[in-house]
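Letter by letter, the chains look like this.
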Amino acid sequence: MLLKDKVAIVTGGTRGIGYAIVKEFLREGAIVVLCGSRPETADKAVKALKAENDDWSVSGISPDLTDYASVKAAFDGVEKQFGRIDVLVNNAGMSAKEPFNTYTEAMFDSVMDLNLKAVYNCCRAVTDGMQARRSGCILNTSSMVSIYGQPSGIAYPTSKFAVNGFTLSLARELGPYGIRVNAVAPGVTNTDMMKAVPKQYIEPLVNSIPLRRIGEPEEVANAFVFLASDKASYITGVVLSVDGLARN
Ligand code: NAD
């Protein structure tokens, strides 16, 4: 098992890519605390995972990721319970697809608050402990749009470009403490969000991807497993694309 007994927190772990990350981490022996936006969604995800395998060590918390005090209190509770946090996965994310001339300040703030500020909040809440232990792993969820941008929904690609810069800079700053910081940039991935997109939009997209299909959440999760594992012990500061060579 690649992650035996590693204590991991996964934000946005209740569905989609985050849920797949939680499940693959559990299969690899990790002790996982998933974050949901509400206690009910976190509980539901934990119950579904326990129903699949009662031996899995999984629990749920639901701090307000955009509020440092809320995150710190919840993550300190995890550290107290398990003695350490080995891996933090910042996966929770949202987008608003509006064109620029109707994109409101409130939309901009809510996307940046979750996609960027929450990444800062969560990292800040775990790094004191990781620095003291001189070990730790932080993984951020970027996106293929962090490479080429996207033609609508300005805050989303902006936030993901920032996540890449944050990743690279924090990797440089915390490397001397034995803390690795990497990101995964998924392409179009088969989550609930994508299932809602009509077929006529998906087909041209798929034809532009050299592997001729969209990705599955498990395929993205596998990259997180690798980067969280000791197999990636000399890898830090990378943004790993998992996108079938999809470039928009
Ligand atoms: P999703 O909408 O299925 O899941 C998003 C997760 O974030 C959920 O668990 C949700 O509970 C959580 N979340 C949303 N708002 C929250 C809030 N305010 N507070 C706390 N948690 C909140 O999305 P997904 O497709 O699984 O995306 C997961 C990550 O992958 C995101 O960062 C997204 O930007 C990124 N991504 C997705 C795709 C894709 O095609 N699906 C492509 C590239 C990057």
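This text goes with the structure placed above it.
Residues numbered from 1 in each chain as written. Predicted model: local features only at pLDDT ≥ 70, side-chain atom pairs only at ≥ 80, totals over all residues. Heavy atoms only, no water.

Novice: So what about the side chain of S146? Which residues, and what values?
Specialist: Structurally, S146 can be placed in helix α5 (residues 145-148). Looking at S146, the relative accessible area reads 4%, which means it is buried. Within the structure, S146 has its side chain in polar contact with the side chain of S142 (distance 3.1 Å). Setting aside chain neighbours within four positions, we find S146 in contact with K160, F161 and N164. (Helix = DSSP H or I, 4+ residues; strand = E, 2+ residues; numbered from the N terminus. Buried < 20%, exposed > 50% of the residue type's maximum accessible area, 1.4 Å probe, protein only. Polar contact = N/O pair within 3.5 Å; in protein donor to acceptor, adjacent residues only side chain to side chain. Contact = heavy atoms within 4.5 Å.)

Novice: Residue-level account of the side chain of N164, with values.
Specialist: Along the chain, N164 turns up in helix α6 (residues 155-174). In this structure N164 comes out as buried when scored by relative accessible area, which is 15%. If sequence neighbours within four positions are ignored, N164 has contacts with S142, S146 and V239.

Novice: I'd love a proper account of helix α4 (residues 105-133), names of residues and values included.
Specialist: In this model, α4 (29 residues) spans 41 Å end to end at C-alpha, consistent with the 42 Å of a helix rising 1.5 Å per residue. In the structure, α4 departs most strongly from a straight axis at D113, where the bend amounts to approximately 40°. (Expected span 1.5 Å × (residues − 1). Bend = angle between axes of the 7 residues up to and from the residue.)

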